[in-house]
Amino acid sequence: MTIISSSNSSLICAAGLENGDERRTVDKAWEAPLLPLSADERRHAANFIRGGLCRSLKTVIFTPRLNLLLPLGPVAILASRLSRNSGLVFILSLLGMIPVAERIGYSTEQLAFFTGSTVGGLLNCTFGNATEVVISIFALKNGMTRIVQQSLLGSILSNMLLVLGFAFFSGGVVTKKTQFFNKASAVLSSGMLLMAVMALLLPAVLHSTRTEAHFGDSELSLSRFSSVIMLMGYAGYLVFHLKSHQSPTDSKNEGAVEGIEESNEEGVSEISMWEAIIWLGIFTGWISVISEYLVDAIEGAAEEWNMPVAFISTILLPVVGNASEHASAIMFAMKGKLDLTLGIAIGSSTQISMFGIPFAVLVGWMLGHPMDLNFQLFETAVLFITVVVVAILLQEGNSNYCKGMLLVLCYMIVAASFFVHVDALPHSESVASSGILCRAFQLL
């Protein structure tokens, strides 16, 4: 097939070819239909696509050892269809979600190579806690507002106490010296967490003191208003963090700075942009499927194991579900990269408290399953004490194994507290039960 380019046509015109037949020949050459690919060309294109697909599958699916847990997701679905053992379905679903959550983070990191630091940071903020958000949506659809509240609260507690504690402890033991991090960034994150505590504390106190202007309605309206304000505050925090405050690492932690700079210079994407987008969509869709079976099995698993739902939702679900992210934070601390550790632990807690919780409130409003910011007095008190303890330990801008030990021990106390904790009766049920007791005493 003869192809005449635009440069060739201009040369022909410049040569003075004014003959009408020659001009019609040129026009017909431009209008000539494209011929189908030959057999060799089709074979080459098929081999190219097949080779790219095999390379992408090897990089994303078959290389990571953690992906050995991926088949547990389909096994959980089969177990839910063939068996009534909710505990088995819950465990299989929970373990099957671990590699999917890790691959979502991997796909987001690969996509950030093509989008730049600002958009990449927004993607990490959006998909960083995709597991918690998806579980919250399915639980809200089923009207399980307490499970939503407790699972989001458990993610905050596990990140701030367990993950940060193990990271400080491991980093101190391995390096055998005091490690430093960006104090200004840690203080700002602590302020964001205290704002979230205030937004959760006021509805709980308002409900406990029975001082609502309109019982039930005032609490819900305040929660929705506060959720919008929290989202606005988190948006401002992102703009400040990603645009005007590209926080450098503390100069005292020189090893961490060198490690981060080397990783940024040597970092090369392992997959293409469209591969990252496709894999991100696949893993997000798959985790949505598994989350539905996980949520449906929580209450049944609690009954079979004779274990409080609060303990499963607040302790077991966040710890196991985010195991890969927790391991990454600890590994960064052992390498002296404390700022990356704080970005995972404290940054994730900030995102859940200032974005995940208010987002769940608004989603419940749209789905017709009202959810407020009243996490009940016990849960709110635990969160308040946790934020205060962590803020005090972070104010000096350094860490050691003793601080890590204290945080882990605090988490053990919190876990034991939720193991013996059950939700209080709603106000209407408590009033009815007290009325029954009064009538029983009158009969006696």
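Because the structure is a prediction, the values reported are computed rather than measured.

The helix and strand inventory of the chain stands at 17 helices and two strands. Accessible area for the chain stands at about 23,100 Å²; split by element, carbon and sulfur atoms hold 66% of it.

Throughout the structure, instances matching the rule amount to four salt bridges. A salt bridge links Arg 55 to Glu 275; the shortest N-O distance between them is 3.1 Å. Remark: Glu 275 occurs in helix H11 (residues 273-305) and Arg 55 occurs in helix H3 (residues 39-62); sequence separation between them is 220 residues. Judged by its relative accessible area of 39%, Arg 55 falls in the partly exposed class. Lys 403 is paired through a salt bridge with Glu 396; the nearest N and O atoms lie 3.5 Å apart.

Take the environment of Asn 142 next. Topologically, Asn 142 is positioned in the loop between helix H6 (130-141) and helix H7 (145-175). For Asn 142, a relative accessible area of 41% puts it in the partly exposed group. The spatial distance from the C-alpha of Asn 142 to the C-alpha of His 369 is 8.6 Å, given a sequence separation of 227 residues. Apart from residues no more than four positions distant in its own chain, Asn 142 is found in contact with Val 295 and Asp 296. There is a polar contact of 3.1 Å between the side chain of Asn 142 and the side chain of Asp 296.

Where H6 contacts H11, the two axes come as close as 9 Å, and the packing angle between them is 55 degrees. As far as their axial angle goes, H11 and H6 are oblique. Crossing of H6 over H11 shows right-handed handedness. Across the interface between the two elements, Thr 131, Val 134, Ile 135, Phe 138 and Ala 139 of H6 pack against Ile 287, Ser 288, Ser 291, Glu 292, Leu 294 and Val 295 of H11. When grouped by side-chain class, the residues that make up the contact of H6 with H11 number seven nonpolar, three polar and one charged.

Here the focus is the environment of Ile 137. Within the secondary structure layout, Ile 137 lies in helix H6. A relative accessible area of 28% means that Ile 137 is categorised as partly exposed. Each C-alpha atom of the pair Ile 137 and Val 295 lies 10.0 Å from the other, and the pair is 158 residues apart in sequence.

All right, on to a nonpolar patch on the surface then. Nonpolar side chains collect at one region of the surface, where Phe 169, Val 173, Tyr 401, Met 405, Leu 406, Leu 409 and Met 412 lie side by side and expose about 640 Å² of accessible area between them. Only H7 and helix H16 (401-419) provide two or more residues apiece to the nonpolar patch. Broken down by element, the nonpolar patch gets its largest block of residues, five residues, from H16. Tracing the chain through its elements places Met 412 in helix H16. Judged by relative accessible area, which is 54%, Met 412 ranks as exposed.

Attention now goes to H11. Taking 1.5 Å as the rise per residue, H11 with 33 residues should run 48 Å; its terminal C-alpha atoms sit 45 Å apart, in good agreement. Taking the largest bend as the criterion, H11 deviates by roughly 40 degrees, centred on Ile 298. Just downstream of H11 lies Asn 306, where phi reads positive at about 55 degrees.

Counted at 1.5 Å a residue, the expected span for helix H15 (residues 376-394) with its 19 residues is 27 Å, and the 27 Å between its end C-alpha atoms agrees. Listing the buried residues of H15 in full gives Glu 379, Thr 380, Val 382, Leu 383, Thr 386, Val 387, Val 390, Leu 393 and Leu 394. Summarising the axial view, the buried residues of H15 lie within an arc of 160 degrees, below the 170-degree limit, and thus occupy one face. Looking at the packing, one finds that the buried side of H15 touches H7, helix H8 (183-208), helix H14 (338-367), strand S2 (398-399) and H16.

About the criteria used
- Residues numbered from 1 in each chain as written.
- Predicted model: local features only at pLDDT ≥ 70, side-chain atom pairs only at ≥ 80, totals over all residues.
- Heavy atoms only, no water.
- Helix = DSSP H or I, 4+ residues; strand = E, 2+ residues; numbered from the N terminus.
- Areas by Shrake-Rupley, 256 points an atom, 1.4 Å probe, with all protein chains shown as cover.
- Salt bridge = Lys/Arg side-chain N within 4 Å of Asp/Glu carboxyl O.
- Buried < 20%, exposed > 50% of the residue type's maximum accessible area, 1.4 Å probe, protein only.
- Contact = heavy atoms within 4.5 Å.
- Polar contact = N/O pair within 3.5 Å; in protein donor to acceptor, adjacent residues only side chain to side chain.
- Axes fitted to C-alpha atoms, helices over the stretch in contact; angles between N-to-C directions.
- Parallel < 35°, antiparallel > 145°, perpendicular 65-115°, else oblique.
- Left-handed = near helix turned anticlockwise from the far one by under 90°.
- Nonpolar A, V, L, I, M, F, W, Y, C, P; charged D, E, K, R; others polar.
- Patch = residues over 30% accessible without salt bridge, like charges linked within 9 Å, V, L, I, M, F, W, Y side chains within 5 Å.
- Expected span 1.5 Å × (residues − 1).
- Bend = angle between axes of the 7 residues up to and from the residue.
- Arc of directions from axis to C-beta.

Note that every value here comes from positions in space, so none of it alone points to a role or purpose.
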